[in-house]
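Summary of the model geometry
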Amino acid sequence: MSDKKIALVTGANKGIGYEIAAGLGALGWSVGVGAREQTRRDAAVARLRDSGVDAFGVPLDVTDDPSVAAAADLIAERAGRLDALVNNAGITGGGPQQPSSVDPAVIRTVVETNVIGVIRVTNAMLPMLRRSASPRIVNMSSSVGSLTRQSGPGGETSTGPVAVAYAPSKSFLNAVTLQYVRELADTNILINCACPGYVATDLNGFRGLRTPQQGAATAIHLATLPDGGPTGGFFEDAGVVPW
Ligand SMILES: NC(=O)c1ccc[n+]([C@@H]2O[C@H](COP(=O)([O-])OP(=O)(O)OC[C@H]3O[C@@H](n4cnc5c(N)ncnc54)[C@H](OP(=O)(O)O)[C@@H]3O)[C@@H](O)[C@H]2O)c1
């Protein structure tokens, strides 16, 4: 087993996930680039390697049990353990998502990726996280899933547009995260949610105001927390996000 820290980032072929992989790589980590499509995965791995990152491709569709099982086998064979899992892959489900007119199929699809996908990947990787001296799980959430902000006076600038599939999927993910925190309270696994801010990526037609590098910073921080660091929190660059 290598002393080098090893991470898996889901949805790392582009956007914020790619920059999380790049940032962890720049810190000397070996990074598994989780991505479901081979051409995009290979291109991302090649770009990361060109910039000096010890990156390797991990075929991974978070909605597909056999794909996730194979990804776990790949990590087990390569490293035998996992120091950080960053559950970054996510979708909005497209829009508009007015509650009164939404197609329930959109909600199912979004929850399958943004919530059940995270559970599927986390459970597959837990045995290897348990073999790490300092395991970390980072779930890429969004402040649009903050019930406090949704019900506050901020309006669309702080909570995004009405989106009955996407926003509640992140509230659901936050709630699921806390269930893991409770179950794993007697372990040394630090588990937190990150919000990247409003970032210009494919997810929002590049309308976001922050760069993917800026959006990656909180997740990188949470993936590399020192022992004794926070767990069960929800963080953005400015600090704690209220649930
Ligand atoms: N951008 C923002 O302003 C913002 C704000 C708050 C939170 N977030 C969250 O940040 C995370 C990253 O988003 P992003 O903005 O970087 O979006 P993005 O550029 O669209 O990237 C999303 C990534 O997730 C992958 N993905 C989607 N479904 C997948 C599946 N079933 N299996 C594996 N990978 C899958 C995509 O792969 P493909 O290329 O194959 O589609 C892509 O790599 C998401 O969880 C998002 O909800 C983003």
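Residues numbered from 1 in each chain as written. Predicted model: local features only at pLDDT ≥ 70, side-chain atom pairs only at ≥ 80, totals over all residues. Heavy atoms only, no water.

Some thoughts on the packing of helix 4 (residues 104–129) against helix 7 (residues 166–183)
Stated formally: What counts as an axis is a line fitted to C-alpha atoms, over the stretch in contact for a helix, and the angles between N-to-C directions run from 0 to 180 degrees. Strands here mean DSSP runs of E at least two residues long; helices mean DSSP runs of H or I at least four residues long; both are numbered from the N terminus. Should an angle fall under 35 degrees it is called roughly parallel, over 145 degrees roughly antiparallel, and 65 to 115 degrees roughly perpendicular, with every other angle called oblique. In this scheme, a crossing is called left-handed if the near helix is turned counterclockwise away from the far one by less than a right angle; it is called right-handed if the turn is clockwise. Note on definitions: a residue-residue contact is assigned when non-hydrogen atoms from the two residues lie within 4.5 Å.
For the pair helix 4 and helix 7, the least separation of the axes is 8 Å and the interaxial angle reads 25 degrees. If you check the angle between helix 4 and helix 7, you find them roughly parallel. When you trace helix 4 past helix 7, the crossing you get is right-handed. Judged by residue contacts, Val110, Val111, Asn114, Val115, Val118, Ile119, Thr122, Asn123 and Leu126 of helix 4 engage Tyr166, Ser169, Lys170, Phe172, Leu173, Val176 and Tyr180 from helix 7.

Comments concerning unusual backbone geometry
Our working definition: Partly exposed residues are those whose accessible area sits between 20% and 50% of the maximum for their type, while under 20% is buried and over 50% is exposed, using a 1.4 Å probe and protein chains only.
Cis peptide bonds are those with omega within 30 degrees of zero, and the linkage from glycine 95 to proline 96 qualifies with -5 degrees. You can see proline 96 is positioned in the loop between strand 4 (84–87) and helix 4. For phenylalanine 206, which is not glycine, the phi dihedral falls at a positive 60 degrees. Turning to its location among the elements, phenylalanine 206 is positioned in the loop between strand 6 (190–194) and helix 8 (212–223). With relative accessibility at 51%, the residue phenylalanine 206 sits in the exposed group.

Observations concerning the pattern of salt bridges
Note the cut-off: Salt bridge, as used here, is a side-chain nitrogen of Lys or Arg placed within 4 Å of a carboxyl oxygen of Asp or Glu.
With the rule as written, the count across this model stands at 10 salt bridges. One salt bridge connects arginine 136 with aspartate 227, and the closest N-O pair in it is separated by 2.8 Å. Residue arginine 136 is located in strand 5 (residues 136–140), and its partner aspartate 227 is located in the loop between helix 8 and strand 7 (234–236); the two are separated by 91 residues in the primary sequence. Look at arginine 136 and you get buried, because its relative accessible area is 2%.

Let's talk about the side chain of asparagine 174
Test applied: Definition of a polar contact: a pair of N or O atoms within 3.5 Å, with one able to donate and the other able to accept a hydrogen when the atoms are protein atoms, and with sequence-neighbouring residues admitted only if both atoms are side-chain atoms.
By the secondary structure assignment, asparagine 174 is in helix 7. You can call asparagine 174 buried: its relative accessible area is 3%. One polar contact links asparagine 174 to serine 141, side chain to side chain, over a distance of 2.7 Å. Once residues lying within four places of it in the same chain are set aside, the contact partners of asparagine 174 are Ser141, Gly145, Cys193, Phe234 and Trp243.

Read these as spatial facts, not as claims about activity.
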